Amino acid sequence: MSETRSPQSTYLLIPILLMSILLGIGVIRGPAIVTLEGLGSAITVAAPLCLATYALMSVAIAGRGTVDLAVGPLLAFINVVIVSLNELDLVTSPLGVFVLALAIGITYQVLFALVIIIVRVQPIIVALSGFLALSGINRVIMQRPGGTAPEWMNSWGLGDTIFSPILLLLVLATGGWLLFTLSSFYKHLRMMGYDERAAFTSGVRGNLVRVGAHIISGIFVALAAICYTALIASGDPTQGTTMSLTAVTAVVLGGISLAGGRGNVLGALLGAINLFLIGYVLATFNFGSVQAFVTQMCYGLILIASLLLTLLVPLVGRHISFITPFSALMILGAVVVAIMLTVGISMPEGALPVATTGYDLLPATGTSDVVAFVLTPIQKVILVALAVFTLGTIMMRIVVVEASARRFGVFGHAMVAGMLVLGLAVVALYSLPSSGGLLK
Amino acid sequence: MNFVPRSTALVTLNLVITFVVAAIGFGVGFGQGMGAQEVILYTIISAAVLFWILNYIAAIFESRLQPDKPTESAVGVGSVWRNNRVLIIAMALLLIVYLIVTGAYPPFRTIYNLIGVLVLEIILVFAFKVSNVFVHGRSAFIGLIVLLALIVISAFTINGFLSPANIRAVLLFAAFLGIACIGQTMVALMGGLDLSIPFLIGAANILLLYLIGLGVPPWFAFVAVIALGCGIGFLNGIMSYKLQGQALIITLGTGFTITGLVQIITSIGSAFAGNVFGKVPDWLANLAAMNGKFFGLAVPPTILLWIALSIIVVIALRYSAYGRYVYALGGNRRSAKLVGVSELKYWLLAYIISGGCAALTGALLLGWSGGGFIGVGDPYLFTTLAAVVIGGTSLAGGYGGYGFTVIGVLVLQVLSSFLIGIGLKYEWQQFIFGILILPMVALYSRQPSIRAQV
């Protein structure tokens, strides 16, 4: 297979490219997403999908073609159980809900792992079995969408601020996985997924590793279910199939191999965000009565196109060796941030479709009475120092990574720097004439 | 494998058993007051099938038992436990569940439930002990036993389960599922998966009605829709050929695209987006409706179509060069390629057949329901997979066949009919399907341990 020759992260190129295109179009077509509220609700809507994708990723890496199709119904199951027990006044406290969700998620996934290990049936069959059983039982527990989520969750799903508890959960989950990748357990997991026999002969205890991967997946599903419950603020037994198919799609879009061994949390995140963005971008176009059908079609086409593009990855990896996914992320990220800032600043207040009362990422320039961004000199200094520190850390990190990879030439650095300068120049150009500077 | 036992005594015995059973059936048939024509038809069919099955089983046992005498193994409680522990645990669990339910729920204490549990225990014994005799047809054997047991239990529990109307209904739904499964079996034999089947069914369903509504001759529209299905299958095949591990997602993508596209096309110029109106021609309605007639016989032609297609597919897979190459490629790509079998050709063919069969199912379902509905294929998303898996075809490719899938389809349909009969709703049915797939598959398609693979 030619796939094996190119490095793992090369597969991230496609989701990164796709994301920057989608984000670019999305910001231009619907600038509401760069407002506080827009970002906040985007995070709230995308978080359950992101976490479900993580859940799929951690078992997909374990190999043997473990595509946990049951992830959607399991999520819906936890959702329905939380809501039902809340209705009965049995489990209402945050702690209780979290413990309950985690217990269900982990129990199911451990059972899944044990069946694969002991009964030794193909994982896809176990997943199929779980899918049917859980979708059935969901409808038994709750006939139709309804009920109310625990009260303390109400503020979570509003999406009126970026820093909601949902973001915290998402960051914790992502960070947790990144920490986990430092462990040797993760190395064993990847090794097992890549070649189970080789892993076995070199002393990896496959069964233990598999159970571990499934437990992690169970935790992610539980978190996803909590975010989902907060988002819809009720119970919905019907969305399992859609969620499964979407999450599987996100996993594949994120460049994670369903055959095992190749996967990356950044990829899963990008895949899920891309799926959200596809929906967002298409929603900004108006197709009238056939809107839903156009969305469905574009969804399918993008899915196929991005998969077919992965065929080109080994080719790209061979010929364009100066660019790594990380540098691509920086370059394209700079472009997108430039677009964002441009749109955020140049757009007159009235043109923003949603944010009539909200704030832009940067202070609105057209109107003078909405100036909530006055900083004292000390604050300015601290802010600038923080920004410099963060940027410096990131640059150091890139330099270290790229130096060890021996790939990132002068060209790449120059390009990133150029893009950043260009972006800032554009921002300055738009912001100067109207209100005289970024920070008043 | 020969289908007739060598000793004439066995054949005579089978013939006698067949005659006795047929005579009983004949008598019972007239006793129930059915028409003479139907009684004769059913008697002949059941006698022929019974005779064939008896001979088949006898022939297998004859060839297995003759050459080697069973060696005496160590006798003792310990060895009995060691050899049969899974069986004993399973039987004990079943018994405990029965006792608990009986104790806790008084209306459950009926003679039929007792018979049902006894039959289940016998199935377990059969599945574990007798099925070892069949090396290759193990899944088919277990499937047949389960099917038989299901029919027996249902016949006892549900009034009118064996009435012609119910049998016809079960067979009709089995026919829809069975035709949709032809493609899934083909693709699974090559080691792929086709998730576009439900979407194609829905798309074909509304597209056919739309074309008929436009004034296209119905027969031409019918053929065109099937041809389009084959075309989509071709696209599926060619796009997933280099990405065989991701065939799942590619076919899903095609499915989304095609449903979206078809709905856009049918919505153009229509005030009711997503709805298609039209009149289904009589011949199409007759083809698939419950009260369809086939030259005067009260059998919907779809059932006969399914039987004919099954025979063709089974024979083609078993005896034609095409079938043998499919197995060769599914079993071991590399060696099959070295022999000179074109992988691309057979991969494409499998998907083309799959697309065509899905479109045919969609078109037939239009005749059944009389109105176009995009979601008509949704229940087939995982049911086709379930039928293939229950039948015993390996999803990794190279093992199984359409005959197995037919058994899987029948098991699913009879079970579903039984569950409806005892008053369970669709949700419970789905739950029970899910719970049942695992143990059934575990009986015959376990993978070797990693220790054994090194």
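None of the values given here were measured: they were computed from a predicted structure.

*Asks:* Could you give me a rundown of the overall build of chain B, with the residues and numbers involved?
*Replies:* Summing up its helical and strand segments, chain B has 18 helices and 0 strands in all. By residue count, 46% of the 454 residues in chain B fall in the buried class. Restricting the contact set of chain B to residue pairs at least 6 apart, pairs at least 24 apart contribute 74%. Accessible area of chain B: about 21,800 Å², with a carbon and sulfur share of 73%.

*Asks:* Describe the side chain of Ser234(A), listing the residues and the values that go with them.
*Replies:* In this fold, Ser234(A) is placed in the loop between α9 (206-232) and α10 (240-253). Setting aside chain neighbours within four positions, we find Ser234(A) in contact with Asn79(A), Val83(A), Gly146(A), Gly147(A), Thr148(A), Ala149(A) and Thr229(A).

*Asks:* Mind laying out helix α15 (residues 380-391) of chain B, listing which residues take part and the relevant values?
*Replies:* Residues and elements named next belong to chain B. The end-to-end C-alpha distance of α15, which contains 12 residues, comes to 16 Å, matching closely the 16 Å that a straight helix rising 1.5 Å per residue would cover. Most of α15 sits inside the fold, with 11 of its 12 residues counted as buried. Looking at α15, one finds that the buried residues are Tyr380, Leu381, Phe382, Thr384, Leu385, Ala386, Ala387, Val388, Val389, Ile390 and Gly391. A positive phi of about 115 degrees marks Gly392, the residue just after α15.

*Asks:* Could you give me a rundown of the interface of chain B and chain A, with the residues and numbers involved?
*Replies:* Taken together, the 50 residues of chain B in the interface contact 48 residues of chain A. Summed over both partners, the interface of chain B with chain A buries about 4,500 Å², with 77% contributed by carbon and sulfur atoms. On the chain B side of the interface with chain A, the three residues burying the most area are Phe256(B), Phe382(B) and Gln447(B), jointly 14% of the side's total. Joining chain B to chain A, the criterion identifies 0 salt bridges. Counting across the interface, chain B meets chain A through 2 residue pairs in polar contact (both at pLDDT 80 or more). Sorting the residues of the side of chain B that touches chain A by element identifies α9 (247-267), α15, α17 (426-444) and α18 (450-453) of chain B as the ones contributing at least two each. No other element matches α9(B), which puts 14 residues into the side of chain B that touches chain A.

*Asks:* Give a description of the pattern of salt bridges that names residues and reports values.
*Replies:* Residue and element names in this part refer to chain B. Within this structure, the stated rule accounts for 3 salt bridges over all chains. In this structure, the salt-bridge partner of Glu343 is Arg333, at a minimum N-O distance of 3.1 Å. Here Arg333 lies in helix α13 (residues 333-339) and Glu343 lies in helix α14 (residues 343-369), a separation of 10 residues in the sequence. We classify Glu343 as buried; its relative accessible area is 8%. Here the salt bridges share partners, and the residues they tie into one network are Arg333, Lys337 and Glu343.

*Asks:* Let's hear about helix α5 (residues 123-141) of chain A: which residues, and what values?
*Replies:* Taking 1.5 Å of rise per residue, 19 residues should cover 27 Å, and α5(A) covers 26 Å from first to last C-alpha, within 8% of that figure. Buried residues dominate α5(A), accounting for 16 of its 19 residues.

*Asks:* A description of the packing of aromatic side chains should follow, citing residues and the corresponding values.
*Replies:* Residue and element names in this part refer to chain B. Tallying each qualifying case throughout the model produces 21 aromatic pairs over all chains. Taking the centre distance of 5.7 Å and the plane angle of 70 degrees together, the rings of Tyr325 and Tyr346 count as edge-to-face. Linking Tyr325 in helix α12 (residues 321-331) with Tyr346 in helix α14, this pair joins segments that are 21 residues apart in sequence. Between Trp428 and Phe431, the ring centres sit 5.7 Å apart and the planes meet at 85 degrees, which makes this aromatic pair edge-to-face. Pair noted here: Trp428 and Phe431 are both in helix α17, with a separation of 3 residues, about one helical turn. Trp428 sits in the partly exposed class, given a relative accessible area of 32%. Phe431 sits in the partly exposed class, given a relative accessible area of 22%.

*Asks:* Talk me through the packing of helix α3 (residues 71-87) of chain A against α9(A); I want residue IDs and the actual numbers.
*Replies:* All names here are of chain A. Here α3 crosses α9 at 60 degrees, and the two axes come no closer than 9 Å. When the interaxial angle is binned, α3 and α9 end up oblique. Classified by chirality, the crossing of α9 by α3 is right-handed. Where α3 abuts α9, its residues Val71, Leu74, Leu75, Ile78, Asn79, Ile82 and Val83 lie against Val221, Ala222, Ala224, Ala225, Ile226, Tyr228, Thr229 and Ile232. Here the contact of α3 with α9 is built from residues that sort into 13 nonpolar, 2 polar and no charged.

*Asks:* Explain the confidence of the model for chain B residue by residue, including any values.
*Replies:* Any residue range with low pLDDT should be treated as having predicted coordinates unsuitable for detailed reading. Residue and element names in this part refer to chain B. The predicted model of chain B has a mean per-residue pLDDT of 81, with 89% of residues at 70 or higher. In this model residues 68-72 is a low-confidence stretch, pLDDT under 50, and it forms 0 contacts with partners more than four residues away in sequence or in other chains. Taken over the whole predicted complex, pTM reads 0.76, whereas the ipTM for its chain interfaces reads 0.73.

*Asks:* Tell me about the nonpolar core, and please be specific about residues and values.
*Replies:* Formed by 227 residues in total, the largest nonpolar core has its most connected members in Leu51(A), Tyr54(A), Trp177(A), Leu208(B), Trp306(B), Leu395(B) and Ile437(B). Per-element accounting of this core gives the leading share, 14 residues, to helix α6 (residues 164-189) of chain B. The contacts of Trp306(B), once residues within four sequence positions are left out, are Leu171(B), Ala174(B), Ala175(B), Gly178(B), Ile179(B), Tyr402(B), Val406(B), Val409(B) and Leu410(B).

*Asks:* Go over the confidence of the model for chain A with me, naming the residues and quoting the values.
*Replies:* Per-residue confidence for chain A averages 76 on the pLDDT scale, and 71% of its residues sit at or above 70. Across residues 349-374 of chain A, confidence stays below pLDDT 50; counting only partners more than four residues off in sequence or on other chains, it has 33 contacts.

Conventions used here
Residues numbered from 1 in each chain as written. Chains lettered and ligands numbered in written order. Predicted model: local features only at pLDDT ≥ 70, side-chain atom pairs only at ≥ 80, totals over all residues. Heavy atoms only, no water. Helix = DSSP H or I, 4+ residues; strand = E, 2+ residues; numbered from the N terminus. Buried < 20%, exposed > 50% of the residue type's maximum accessible area, 1.4 Å probe, protein only. Contact = heavy atoms within 4.5 Å. Areas by Shrake-Rupley, 256 points an atom, 1.4 Å probe, with all protein chains shown as cover. Expected span 1.5 Å × (residues − 1). Buried area = accessible area lost by both parts, 1.4 Å probe. Salt bridge = Lys/Arg side-chain N within 4 Å of Asp/Glu carboxyl O. Polar contact = N/O pair within 3.5 Å; in protein donor to acceptor, adjacent residues only side chain to side chain. Phe/Tyr/Trp six-rings, centres within 6.5 Å; stacked < 30°, edge-to-face > 60°. Axes fitted to C-alpha atoms, helices over the stretch in contact; angles between N-to-C directions. Parallel < 35°, antiparallel > 145°, perpendicular 65-115°, else oblique. Left-handed = near helix turned anticlockwise from the far one by under 90°. Nonpolar A, V, L, I, M, F, W, Y, C, P; charged D, E, K, R; others polar. pLDDT = per-residue confidence, 0-100. Core = buried A, V, L, I, M, F, W, Y, C linked by side-chain atoms within 4.5 Å.

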